[in-house]
Amino acid sequence: MNIKKLAKPNVRALRAYQAKEIPCKIKLDANESPYGFKVLKSIRTNKYPDPEAKELRKLAAKEFKIKTENILHGNGSDELIYNLISTFGGPVLYPVPTFTMYGIISQALGEKKIEIPLDKYFDLDINEFIKTIKKKKPKLVFLSSPNNPTGNSFSSDRILRIVKQSKGLVVVDEAYQPFSDKKSFLLLLKKHKNLIILRTLSKIGLAGLRVGFMIAHRDIIHEVNKVRLPFNLNSLSQKIAFDVIQDKKRMHSFIKIIKAERKKLFHEMKKIDCLKIYPSDANFILFRVNPVKNKVSGGVKNADTIYKNLLKKGVLIRNIKGIIDGCLRVTVGTPKENAIFLRNLKQLL
Ligand SMILES: Cc1ncc(COP(=O)(O)O)c(C=O)c1O
């Protein structure tokens, strides 16, 4: 597969912005202020961040057991989705419902988008996918697995069939993979040149820093790197992300707690009569509220009213009306937050 040919002609003709680091004693080449503030021990605010995030990429590559040349850093994975669509263009194919940014960015960039509804188990409609891939030849396929907002992972054999059948690139967005017991697709990168994995630190404690990674064949990294803004990841984020990944014990202990809390929350919610709870491999739970009519007042309790009344009690969850009608999505919080959510939910129902 010739990745260069797949890139849009204008990107193909580009050269990546050169922000070379030249060793010197006095750096006066980049219109930076000579006066800075040391926010953390080793961070100076007056100098631009490392454009290539070398230290962070090297450490993350070690974590993912890949080479540094196979990883690109983004200001969150949102930015990498944007960069991917800027680089390769459309048609962009993805299932629905899924993470809304695939559609929003495609549309913002004027690229054609193709949406295929998930089957009744929230899995990929594989026949429809294969048919569409053959007919429409999408440049990019986005598969969020585990999927947001449904919480389930797609069948890995279906994802693999899509990877094998595509003449374009297939992005497996593993934003929620740390909460799943299923295997990551990272292991298959060597076998499939058109496979791209997205990872983010946002779901595991660093959403405020905006750090995401794309892991792919070096030819893909090379093309996408041309549309990346030179200083896309600020010094503070690079440094804190580095420290947190290095001290991964703490991160893993938080993931363990969230997984245990998800299990508890799932079982408690299951006991509530008028709810249907969907199994989740992510750090949130999707649930359906079957409307109930109050025989005395005549009022109806449904997803909308539960959402509003929870908010009145100070508990904010996500109403996904318009995406999956009648369903709500709750993020797994601390044990105390989850207990408050559950108590209020039980009271309301
Ligand atoms: C599937 C999926 N991918 C990517 C993102 C964005 O992550 P980031 O914060 O790294 O931009 C989200 C955020 O909700 C998501 O659900």
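The preceding data block contains the structure.
Before going into details, it helps to say that this report is about the structure given with it. Not measured: the values here are computed from a predicted model.

**Comments concerning the overall build of the protein**
Broken down by element type, the protein carries twelve helices and 13 strands. In terms of overall dimensions, the protein is globule-like: its C-alpha atoms have a radius of gyration of 22 Å, near the 20 Å expected for 349 residues. For the protein, the spread of C-alpha atoms along the principal axes amounts to about 80 × 55 × 35 Å. Looking at the 349 residues of the protein, the share that counts as buried comes to 49%. Pairs at least 24 residues apart make up 67% of the contacts formed inside the protein by residues separated by at least 6 positions. Looking at the protein as shown, the accessible area adds up to about 18,800 Å², and 54% of this sits on carbon and sulfur atoms. Computing the positive centroid from 67 side-chain charges and the negative centroid from 31, the protein places the two 1 Å apart.

**Observations concerning the pairing of strand 7 (residues 212-215)**
In strand 7, alternate side chains face the same way, and those of G212 and M214 on one face and F213 and I215 on the other are all buried. Here strand 1 (residues 71-74) pairs with strand 7 via four bridges, running antiparallel. Bridge assignment links L72 to a residue of strand 7, and that residue is M214.

**Structural notes on the site of the ligand**
Taken together, 14 residues form the shell around the ligand, and within it S77, D173, Y176, T200 and S202 come nearest. Contacts to the ligand include T200, whose side-chain N or O atom sits 2.5 Å from an oxygen atom. R210 places a side-chain nitrogen or oxygen 2.7 Å from an oxygen atom of the ligand. Across the complex, the protein chains shield 92% of the 400 Å² of accessible surface that the ligand would expose by itself. With three residues, the single largest contributor to the shell around the ligand is helix 4 (residues 76-88). Among the residues making up the shell around the ligand, the classes are represented as four nonpolar, six polar and four charged.

**Thoughts on the nonpolar core**
Counting 76 residues, the largest nonpolar core has M269, F287 and F341 as the members making the most contacts within it. For this core, the element with the most residues is helix 10 (residues 248-270), which contributes six residues. Contact partners of F341, with chain neighbours within four places excluded, come to L265, M269, F287, L310, V315, I317 and V330. Counting 24 residues, the second-largest nonpolar core is a separate cluster that includes L84, Y94, L140 and I221.

**So, the packing of helix 3 (residues 54-64) against helix 9 (residues 235-246)**
Packing of helix 3 against helix 9 brings their axes to within 9 Å, and their N-to-C directions diverge by 25 degrees. Here helix 3 lies roughly parallel to helix 9, going by the angle between them. In this structure, the crossing between helix 3 and helix 9 has a hand that is left-handed. Within the contact between the two elements, helix 3 uses E55, L56, L59, A60 and E63 and helix 9 uses Q238, A241, F242, I245 and Q246. The class makeup of the residues in the contact of helix 3 with helix 9 is six nonpolar, two polar and two charged.

**Structural notes on the sheet that holds strand 4 (residues 140-144)**
With respect to topology, seven strands assemble into an open sheet ordered 1-7-6-5-4-2-3, the strand pairing being mixed. A single partner strand is all that each edge strand has here, and the edge strands are strand 1 and strand 3 (113-117). Going across the sheet, the axis of each strand differs from the next one's by a mean of 25 degrees, ignoring polarity. Taken together, the two bridges between strand 2 (residues 92-96) and strand 4 define a ladder with parallel strand orientation. Bridge pairing in strand 4 links V92 to L140.

**A closer look at the pattern of salt bridges**
The full count for this structure, using the stated rule, is 17 salt bridges. Of the charged contacts in the structure, one is a salt bridge between K8 and E111, with a shortest N-O distance of 3.1 Å. Of this pair, K8 sits in the loop between helix 1 (3-6) and helix 2 (9-12) while E111 is found in the loop between helix 5 (101-108) and strand 3, placing the two residues 103 residues apart along the sequence. The exposure classification of K8 matches that of E111, with both residues buried. The salt bridge partner of D219 is K193, with a shortest N-O separation of 2.9 Å. Of the two residues, D219 is situated in helix 8 (residues 218-224) and K193 in the loop between strand 5 (169-173) and strand 6 (195-200); the sequence distance between them amounts to 26 residues. You can call D219 partly exposed: its relative accessible area is 30%. Under the relative-accessibility criterion, K193 is labelled partly exposed at 27%. Through salt bridges that share partners, D119, D123 and R158 make up one connected network.

Rules used in this analysis
- Residues numbered from 1 in each chain as written.
- Predicted model: local features only at pLDDT ≥ 70, side-chain atom pairs only at ≥ 80, totals over all residues.
- Heavy atoms only, no water.
- Helix = DSSP H or I, 4+ residues; strand = E, 2+ residues; numbered from the N terminus.
- Rg over C-alpha atoms; globule rule 2.2 N^0.38 Å.
- Buried < 20%, exposed > 50% of the residue type's maximum accessible area, 1.4 Å probe, protein only.
- Contact = heavy atoms within 4.5 Å.
- Areas by Shrake-Rupley, 256 points an atom, 1.4 Å probe, with all protein chains shown as cover.
- Lys, Arg positive; Asp, Glu negative; His and termini not counted.
- Charge placed at Lys NZ, Arg CZ, Asp CG, Glu CD.
- Pairing = 2+ DSSP bridges.
- Near = heavy atom within 4 Å.
- Polar contact = N/O pair within 3.5 Å; in protein donor to acceptor, adjacent residues only side chain to side chain.
- Nonpolar A, V, L, I, M, F, W, Y, C, P; charged D, E, K, R; others polar.
- Core = buried A, V, L, I, M, F, W, Y, C linked by side-chain atoms within 4.5 Å.
- Axes fitted to C-alpha atoms, helices over the stretch in contact; angles between N-to-C directions.
- Parallel < 35°, antiparallel > 145°, perpendicular 65-115°, else oblique.
- Left-handed = near helix turned anticlockwise from the far one by under 90°.
- Salt bridge = Lys/Arg side-chain N within 4 Å of Asp/Glu carboxyl O.

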